[in-house]
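# Close look at the chain arrangement
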Amino acid sequence: MTTQAAEPAPEALAEIIEAHTHLEGPLLPILHAMQEAFGFVPGTAVPVIAKALKLTRAEVHGVISFYHDFREAPAGRHTVKICRAEACQAVGGAALSEAVLSKLGIGWGETTPDGAVTVEPVYCLGLCACAPAAMVDGKVMGRADADRLTALAGEGAA
Amino acid sequence: MKIYVPRDAAAKALGADEVAEAVAREAEARGMSLQIVRNGSRGMVWLEPLVEVEASGRRLAYGPVQASDVPALLDGTLDSLGAVEDIPFFARQTRLTFARVGLNDPHSLDDYKAHGGLAGLRRVLDMRGEAVIDELKASGLRGRGGAGFPAGIKWDTVRMAHADRKYIVCNADEGDSGTFADRMLMEGDPFCLIEGMVIAGVTVGATKGFVYLRSEYPDAIEVMTEAVELARAAGLLGDAVLGTGPAFDMEIRVGAGAYVCGEETSLLNSLEGKRGVVRAKPPLPALEGLFGKPTVVNNVLTLATVPVIFEKGAEHYASFGLGRSKGTMPIQIAGNVARGGLFETAFGMPLGELVNDVAGGTASGRPVKAVQVGGPLGAYMPTSKFDTPFGYEEFDGQGGLIGHAGVVVFDDSADMAGLARFAMEFCAVESCGKCTPCRIGAVRGVETIDRIAAGDAAAVPLLEDLCETMRDGSLCALGGFTPYPVLSALRGFPEEFGPARDAAE
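Throughout, residues of each chain are indexed from 1 in the direction in which the sequence is written. Note on labels: chains are lettered from A, ligands numbered from 1, in written order. Selection of residues for local features in this predicted model requires a pLDDT of at least 70, selection of side-chain atom pairs for listing and counting requires 80 or more, and totals for whole chains, interfaces and linings are taken over all residues. Calculated side-chain values reflect all of the structure's heavy atoms, with hydrogen atoms and water omitted.

## Structural notes on the interface of chain A and chain B
By definition, residues are in contact when any of their heavy atoms lie within 4.5 Å. On the chain B side, the residues contacting the 38 residues of chain A number 63 residues. Put simply, buried area is how much 1.4 Å-probe accessible surface two parts lose in total, over both of them, once they are put together. Of all residues in chain A, Glu24, Phe66 and Glu86 of chain A give up the largest surface area on contact with chain B, accounting jointly for 21% of the area buried on that side. Any carboxyl oxygen of Asp or Glu that lies within 4 Å of a side-chain nitrogen of Lys or Arg is treated as forming a salt bridge with it. Here chain A is connected to chain B by four salt bridges. When the shortest N-O distance is used, the salt bridge between Glu24 of chain A and Lys208 of chain B registers 3.2 Å. Here a polar contact is taken to be a pair of N or O atoms separated by no more than 3.5 Å, where protein atoms must pair a possible hydrogen donor with a possible acceptor and residues adjacent in sequence count only if both atoms sit in side chains. Taken together, chain A and chain B are joined by 25 residue pairs in polar contact (both at pLDDT 80 or more).

This is the structure we're talking about:
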């Protein structure tokens, strides 16, 4: 789901910025669009965005680093988000995430060595009445179990 | 024949998309002509995917349906649950805000109108702003995000403010664990939220609205985005609302995974493209809100309740409820529960009745140990407090809060000290960093609970003292309310906080 290109063309960055500058408060929409296009927010985009929006680079960096969603490096080919919040804990959510992480041999926010799967914590997907909940590549999963969540790992290149 | 297969995220999480595909495939193979409607959820999540078949004037429910059940469903040999309205969990409800959710097609503005939609707005367009405010005040509607501030007073403050531009901001950053009513409403009846925002806009003189919708809700984002486009194409939004009204338009904005952005001032900063850092109040957002302009910030449920108030009248709405908690509340029952889902009812139902009768106790079959009401910042209510009626003041009096009305049930295997530690850990992860009691206090809270668990009796009063500092000294509810779950767990279940507790007493 992600593009591995480390440095997107300057024209591609400019095009994304240009498409959003008419908005009131365009920074978050721009960052979302960057991540959608490249799989992460490239470091080379920071000065370009700053110049276009008349902000300092520190301000742009500050916004990127404030929000959990924005990545500064590409994720694995699949992203698994597992809910850590209370409703999921009430039905074995903690055991589920432990099982998934130990099966894949990684910690929160890490990617398997073959680049297949990144596992991230999420605090509530609004699926609290069919917990534990997870999201795999943007697709929601209720009453999730470790086998279904780790099935992706052996898939190789997606 | 019409077949309703919900497109609600919870239904999809349990296989609704696969069911819808199977219905389409099977119908085609049989040469059957049928229409598949992807509706919202009826709210009975333990029965999802709950499929309804409408034929010869009757709409019958089936559930939970898996793709492999579809041939039997189309043969008419699958056991039916009967009409949704007759299922006890549903029959006991009073659905005002959620009247249409699951019933109509969320992708059709015509269907919305056919079920009473826009009646409230049409009435408002013929009223003076002052009369609208009076009626909203008379309804007793309070902010459904958790704070419970009277909506009429907030709207009036914005209406009376002088400015060249005003905004309506819908807080759809529903981050509280155990809550999903905003999500269900947006996925099941998006035009209701749009109508509520338009009413707010024309009443206070705002021309622009934003829905700040969390990124964890991709399905709600999709439905709302489409609904705004349909509403614009139909003239519900634009230069003249419904052809004759003032201008009002709106945008869907996506959050970026910060829990604190559910706090209204950090939400405004985030919308402006800044870090989601909390602002000190005053100034109130009603006077200096988004981009410094007067702004109504209301939760999804508050705004989505406005249309029915003006459709049926304030008196009708205020006739439900208890004391100063007027009307109904869409309560979300979740966690370790036999029958989880959305249950809208008049304020006043005792907590125990909700948990034991309505929801059928735990899913595990083990005894209920505690119930967390109001999200991660809500108190753990032990079963000894189960006679507390569901209302703002009633919960406050018991050292709790109803918040956004999420009810998370835990059975006797719950680790209360672990949950208290998690509350502090969560606060540390999500703190915006602006104020010290929250930023530092949450980290010290985790350490202090670890000391208690390791047997340090002196750490218990220290934790209580720390909680007091966080409660009184934090800028917003994140640091200010984290003591609720921590202290309620400590006081309700002291024996679970390590051997130190006994030694201290």
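## Digging into the domain arrangement of chain A
An automatic or database domain assignment provides the domain bounds reported here. With domains assigned, chain A is organised as domain 1 (10–66) and domain 2 (78–152). The gap between the C-alpha centroids of domain 1 of chain A and domain 2 of chain A is 29 Å.

## A look at the confidence of the model for chain A
Confidence in the prediction of chain A, expressed as mean pLDDT, is 92, and 92% of residues score 70 or more. The predictor's confidence in any single residue is recorded as pLDDT, a number from 0 to 100. Put simply, DSSP H or I for four residues or longer makes a helix, DSSP E for two residues or longer makes a strand, and each gets a number counted from the N terminus. For chain A, per-element mean pLDDT is lowest for helix 7 (residues 146–150) of chain A, which scores 92, and highest for helix 4 (residues 57–66) of chain A, which scores 98.

## Thoughts on the environment of Gly145 of chain B
Residue and element names in this part refer to chain B. By the element assignment, Gly145 lies in the loop between helix 7 (129–139) and helix 8 (151–160). Three labels apply to residues, based on accessible area from a 1.4 Å probe with only protein chains included: buried if under 20% of the type maximum, exposed if over 50%, partly exposed otherwise in between. Residue Gly145 is classed as partly exposed on the basis of its relative accessible area of 43%. Along the chain, Gly145 and Gly361 lie 216 residues apart, while their C-alpha atoms are 26 Å from each other.

## Description of the sheet that holds strand 15 (residues 406–411) of chain B
Residue and element names in this part refer to chain B. The five strands lie next to each other as 12-11-15-13-14, forming an open sheet whose pairing is mixed. Unpaired on one side and paired on the other, strand 12 (341–346) and strand 14 (380–382) mark the two borders of the sheet. Neighbour to neighbour, the strand axes of the sheet diverge by 30° on average, direction disregarded. Any two strands with at least two DSSP-identified bridges between them are counted as paired. Pairing of strand 11 (residues 328–335) with strand 15 involves four bridges; the strand directions are parallel. Bridge pairing in strand 15 places Ile333 opposite Val407. Fitted lines through C-alpha atoms give the axes, limited to the stretch in contact for helices. The angle between two N-to-C directions lies from 0 to 180 degrees.

## Looking at the pattern of salt bridges
Pairing between side chains becomes possible if they bear opposite charge and their charged atoms approach one another. Residues and elements named next belong to chain B. This structure, assessed with the given rule, holds 45 salt bridges over all chains. With a closest N to O distance of 3.1 Å, Glu447 and Arg444 form a salt bridge. Taken together, the positions of Glu447 and Arg444, both in helix 18 (residues 436–453) and three residues apart, correspond to about one turn of that helix. Look at Glu447 and you get partly exposed, because its relative accessible area is 37%. Judged by relative accessible area, Arg444 falls into the partly exposed class, the value being 43%.

## Structural notes on the environment of Arg279 of chain B
Residue and element names in this part refer to chain B. Take Arg279: it is sitting in the loop between helix 12 (264–271) and strand 8 (295–299). Counting along the chain gives 104 residues from Arg279 to Gly175, while the straight-line C-alpha distance between them is 19 Å. Dropping the residues within four chain positions of it, Arg279 is found in contact with Thr265, Leu268, Asn269, Glu272, Glu288 and Gly289. A polar contact is formed between the side chain of Arg279 and the side chain of Asn269, at a distance of 3.0 Å.

## Examining helix 18 of chain B
Residues and elements named next belong to chain B. To estimate the expected span of a helix, count its residues, drop one, and scale the result by 1.5 Å. Here helix 18 is 18 residues long and its end C-alpha atoms lie 25 Å apart, about the 26 Å a rise of 1.5 Å per residue gives. The sharpest bend along helix 18 measures roughly 30° and falls at Ala442. Two residues or fewer after helix 18 comes Gly455, characterised by a positive phi angle close to 105°. Each residue is assigned a bend, namely the angle between axes fitted to the seven residues that terminate at it and the seven residues that start at it.

## Quick look at the pairing of strand 7 (residues 249–254) of chain B
In terms of strand pairing, strand 6 (residues 208–213) of chain B meets strand 7 of chain B through six bridges, oriented parallel. Looking at strand 7 of chain B, one finds that Lys208 of chain B is bridged to Asp249 of chain B.

## Focus on the packing of helix 9 (residues 181–188) of chain B against helix 13 (residues 300–312) of chain B
Geometrically, a packed helix pair is captured by the angle between its two axes and the distance between the axes. Residue and element names in this part refer to chain B. Running from N to C, helix 9 and helix 13 cross one another at 45°; their axes reach a closest spacing of 9 Å. As summarised for this structure, helix 9 and helix 13 are arranged oblique, according to the angle between their axes. The crossing of helix 9 and helix 13 is left-handed. For the pair formed by helix 9 and helix 13, the contact residues are Ala181, Asp182, Leu185 and Met186 on the first element and Val300, Leu301 and Ala304 on the second. In this classification, Asp, Glu, Lys and Arg are treated as charged, Ala, Val, Leu, Ile, Met, Phe, Trp, Tyr, Cys and Pro as nonpolar, and every other residue, Gly included, as polar. Split into classes, the residues belonging to the contact of helix 9 with helix 13 amount to six nonpolar, no polar and one charged. Any angle that is under 35 degrees is reported as roughly parallel, and any over 145 degrees as roughly antiparallel; angles of 65 to 115 degrees are reported as roughly perpendicular and all others as oblique. The handedness criterion is simple: a crossing whose near helix is rotated anticlockwise from the far helix by less than a right angle is left-handed, and one whose near helix is rotated clockwise is right-handed.

## Observations concerning the side chain of Ser325 of chain B
As for its placement among the helices and strands, Ser325 of chain B is situated in strand 10 (residues 325–326). Dropping the residues within four chain positions of it, Ser325 of chain B is found in contact with Arg142, Phe320, Phe347, Gly391, Tyr392, Glu393 and Glu394 of chain B.

## A closer look at the domain arrangement of chain B
All names here are of chain B. Entries for chain B in the domain assignment read domain 1 (2–91), domain 2 (109–318), domain 3 (321–411) and domain 4 (416–504). Distance from the C-alpha centre of domain 1 to the C-alpha centre of domain 2: 32 Å. Counting residues at the interface gives eight residues for domain 1, matched by seven residues for domain 2. For the pair domain 1 and domain 2, the summed buried surface comes to about 640 Å²; carbon and sulfur atoms form 50% of the total. Where domain 1 touches domain 2, the interface holds four salt bridges. In this structure, Asp219 and Lys12 form a salt bridge, with 2.6 Å as the shortest nitrogen-oxygen distance. Counting the contacts that link domain 1 with domain 2 gives four residue pairs in polar contact (both at pLDDT 80 or more). Residues that form the side of domain 1 that touches domain 2 fall into these classes: two nonpolar, three polar and three charged.

## Details of helix 9 of chain B
Of all eight residues that make up helix 9 of chain B, eight are buried, and the element is covered over most of its length. Within the sequence span of helix 9 of chain B, burial applies to Ala181, Asp182, Arg183, Met184, Leu185, Met186, Glu187 and Gly188 of chain B.

## Notes on the side chain of Glu430 of chain B
If you trace the backbone, Glu430 of chain B turns up in helix 17 (residues 416–430). One buried charged residue, Glu430 of chain B, remains without a salt bridge, the closest side chain of opposite sign being Arg214 of chain B at 8.5 Å. Those residues in contact with Glu430 of chain B that sit more than four places away from it in its chain are His68 and Tyr123 of chain A together with Gly257, Ala258, Tyr259, Val260 and Leu478 of chain B. For the purpose of counting charges, residues Lys and Arg are taken to be positive, whereas Asp and Glu are taken to be negative. His and the chain ends are not included.

## Thoughts on the UniProt feature "binding site: [2Fe-2S] cluster" (unreviewed entry) in chain A
Residues and elements named next belong to chain A. UniProt positions are given in the numbering used here, feature names are shortened, and annotations may be inferred rather than shown by experiment. Here the UniProt-annotated "binding site: [2Fe-2S] cluster" (unreviewed entry) positions come out as Cys83, Cys88, Cys124 and Cys128. Spanning 46 residues, the named residues form one tight spatial group whose C-alpha atoms are at most 9.5 Å apart. Within the secondary structure layout, Cys83 lies in strand 1 (residues 78–83). The exposure class of Cys83 is buried, given its relative accessible area of 4%. Excluding residues that lie within four positions of it along the chain, Cys83 makes contacts with Cys88, Val122, Tyr123, Cys124 and Ala133. Within the secondary structure, Cys88 sits in helix 5 (residues 86–89). In this structure Cys88 comes out as buried when scored by relative accessible area, which is 3%.

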